[in-house]
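Working through the structure, step by step
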Amino acid sequence: MPQYQAVKGTRDIFPDEAARWKFVEGMVHVLASLYGFSEIRTPVFEYTELFQRGIGSTTDIVGKEMFSFLPDPKGRSLTLRPEMTAGVMRAALQNNLLSSAPVHKLYYIGELFRKERPQAGRQRQFSQFGAELLGVSSPAAVAEVITLMMQVFESLDLHGLKLRINSLGDTDDRIRYREALQGYFSPFRDILDDSSKERLEKNPLRILDSKNPALQELIAGAPRLYDYLNDASLQDFEKVLFYLRERGIAYEIDYRLVRGLDYYCNTAFEVTSSELGAQDAIGGGGRYDGLARELGSSADVPAVGFAVGMERLLMTMEKQGLFAALDSRAPLVYVVVQQQDLFDHGMQIAWQLRHAGIKTEIDLAARSMKAQMREANKINASFALFIGSMEQTTGFYSLKNLITSEQTLLSLEAVLELLQESAAKEPLKL
RNA sequence: GUGAUUGUAGCUCAGUUGGUUAGAGCGCCAGGUUGUGGCCCUGGAGGCCGGGGGUUCGAGUCCCCUCAUUCACCCCA
């Protein structure tokens, strides 16, 4: 056993896997840009109050999952961000972003921290990418955000995902519904489990989320939020659905989808993957018009956004075999040194090749020629360039095509030319 | 925080009712005649059998504790 191991709920990402991350991140950058979203990077930690106010103190995230710490005995409590939205909104408000333009479309990729027990698809440090559209939360804005999210999935060739959507109504709707729910559940108080009892007072909507089998029947009979929506909320929701249909985005209305963060209102949505096991939500989001005021803004900042779990996304892609073609290590040419007294010359040649933009590898472990060739083969090099005493004296080098096994004797100039041609056909893999 | 699960070489795992120097495959390293890969063959390195305590003549195998893993609950991405 090693002396040190990675902290519970954290993990290392080695080169082969890192290549997959880069691939996905690249797609996110390209598509976000295509939809007119610009990248924002906010600090990894914030004042604890930001999350308490923003996410809501009744939520599990704030109640028991935050990594909080005091920088010094007199300092204010800080917290490793458990989600991105509050930080983005804080950044926007602090810098008065909305005064420069009425609408801001931002996206991010970043690490988040939550002190939960790890399990499949759940880490204490994990990553999300997401987008926040600030300034407008019209159905068009909601559709814009959902469409971007779905486009990422589509472009990555993911299949078998399910988009569920619901409307949480506006503030008035929810106040009326909340009362109705309390009225419905109160007589059954004795049947409810502890957490549901607590929610009955603080946030009865979240009782609907419970997976407790004993409560399913009771929950099924509860009044539907949908029936408490006023005309404006209904029309708003219908318009969102209209946009999705227009774009061929399949969805399913789930009247019990409420989502765990306090700041959501009106449209809320979630995407699940059938490949993931218990933690099957790959992404989700919704409208959060009230967040800005909650954070002290004097003006309303309507907003809508989504977040997608990178690990869960990668996991689903893995299961669906979508990474088969990635091979990040393969160099174009492997410089093979006959004897170690020619190593310095080999290094010099390798440098010239690299300087010319050719992805080149050379053995630094001083192994035998056979071992070098085996290595070249193993890492999928396209060519081997031999450095022997003959090459050094004549200035002509043996270049072997490792796919066809053809070998030719060329001047270094000709080698460079040939490899550059070959590199142009097959762009450098990063 | 609760429950269950697993913990033997770098990786995936065997290890019979407790019995001598703990094994395999893959990977790694070196060779298979003197400057050349993939297949194949040979050899080698590498394990306080998670840690501690106990039962026993004897424990990788049984018991207790502990640490860690994984999965699930809660909840979320």
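Residues numbered from 1 in each chain as written. Chains lettered and ligands numbered in written order. Predicted model: local features only at pLDDT ≥ 70, side-chain atom pairs only at ≥ 80, totals over all residues. Heavy atoms only, no water.

**What about the overall build of chain A?**
If you tally the helices and strands in chain A, you get 15 helices and 16 strands. The C-alpha atoms of chain A give 28 Å as radius of gyration, which overshoots the globular expectation for 430 residues (22 Å, by more than 25%). The C-alpha extent of chain A, read off along each of the three principal axes, is 95 × 55 × 45 Å. Expressed as a percentage of contacts within chain A between residues at least 6 apart in sequence, the contacts between residues at least 24 apart total 69%. Put simply, chain A shows about 21700 Å² of open surface, and 51% of that area lies on carbon and sulfur atoms. For chain A, the distance from the average position of its 48 positive side-chain charges to the average position of its 56 negative side-chain charges is 4 Å. (Helix = DSSP H or I, 4+ residues; strand = E, 2+ residues; numbered from the N terminus. Rg over C-alpha atoms; globule rule 2.2 N^0.38 Å. Contact = heavy atoms within 4.5 Å. Areas by Shrake-Rupley, 256 points an atom, 1.4 Å probe, with all protein chains shown as cover. Lys, Arg positive; Asp, Glu negative; His and termini not counted. Charge placed at Lys NZ, Arg CZ, Asp CG, Glu CD.)

**A few points about the pattern of salt bridges**
Enumeration over the complete set of coordinates arrives at 20 salt bridges. A salt bridge links Glu116 to Arg122; the nearest nitrogen and oxygen atoms lie 3.5 Å apart. Relative accessible area serves as the criterion here: at 16%, Glu116 is assigned to the buried category. Where Arg293 meets Asp300, a salt bridge forms, and the shortest distance between an N and an O atom there is 2.8 Å. Among the residues examined, Asp300 registers a relative accessible area of 51% and is labelled exposed. (Salt bridge = Lys/Arg side-chain N within 4 Å of Asp/Glu carboxyl O. Buried < 20%, exposed > 50% of the residue type's maximum accessible area, 1.4 Å probe, protein only.)

**Looking at helix H12 (residues 343–355)**
End to end, H12 covers 18 Å across 13 residues, agreeing with the expected 18 Å (1.5 Å per residue, within 8%). Where H12 is buried, its residues meet strand E12 (333–337), strand E13 (360–362), strand E14 (383–387), strand E15 (396–401) and helix H15 (412–425). Downstream of H12 by one or two residues, Gly357 has phi in the positive range, about 85 degrees. (Expected span 1.5 Å × (residues − 1).)

**Notes on the packing of aromatic side chains**
Evaluation of the coordinates by the stated rule reveals 8 aromatic pairs. Centre to centre, the rings of Phe45 and Phe69 are 5.9 Å apart; their planes meet at 80 degrees, and the pair counts as edge-to-face. Placement of Phe45 in strand E2 (residues 45–47) and of Phe69 in strand E3 (residues 68–69) is noted, with a sequence separation of 24 residues between them. Phe45 gets classed as partly exposed once you look at its relative accessible area, which sits at 44%. Arranged with centres 6.3 Å apart and planes meeting at 70 degrees, the rings of Tyr226 and Phe237 form a pair that is edge-to-face. (Phe/Tyr/Trp six-rings, centres within 6.5 Å; stacked < 30°, edge-to-face > 60°.)

**Side note on the side chain of Asp363**
In this fold, Asp363 is placed in the loop between E13 and helix H13 (369–378). According to the relative accessible area criterion, Asp363 is buried, its value standing at 7%. Side-chain polar atoms of Asp363 contact the backbone nitrogen of Ala366, separated by 3.4 Å. In this structure the side chain of Asp363 is engaged in a polar contact, spanning 2.9 Å, whose partner is the backbone nitrogen of Arg367. The residues contacting Asp363, other than those within four sequence positions of it, are Tyr334, Val335, Phe343 and Gln372. (Polar contact = N/O pair within 3.5 Å; in protein donor to acceptor, adjacent residues only side chain to side chain.)

**Here's the deal with the domain arrangement of chain A**
How big an interface is tends to be stated in terms of the accessible area lost upon association of its parts. Taken domain by domain, chain A consists of domain 1 (15–170 + 230–319) and domain 2 (333–425). On a C-alpha basis, the centroid separation for the pair domain 1 and domain 2 is 49 Å. (Domains from an automatic or database assignment.)

**Thoughts on unusual backbone geometry**
Located in the positive-phi region is Asp157, a residue other than glycine, with phi close to 70 degrees. Relative to the elements of secondary structure, Asp157 occurs in the loop between helix H5 (139–155) and strand E7 (161–167). By relative accessible area, Asp157 is classed as exposed at 52%.

**A closer look at the sheet that holds E3**
Here 3 strands make up an open sheet; going across it, the order is E2-E4-E3 and the pairing antiparallel. Among the strands making up the open sheet, the edge pair consists of E2 and E3. Pairing of E3 with strand E4 (residues 78–80) involves 2 bridges; the strand directions are antiparallel. Residue pairing across strands places Phe69 opposite Leu78, the latter belonging to E4. The sheet strands contacting helix H2 (residues 48–55) are E2, E3 and E4, and the helix crosses E2 at an angle near 80 degrees. (Pairing = 2+ DSSP bridges. Axes fitted to C-alpha atoms, helices over the stretch in contact; angles between N-to-C directions.)

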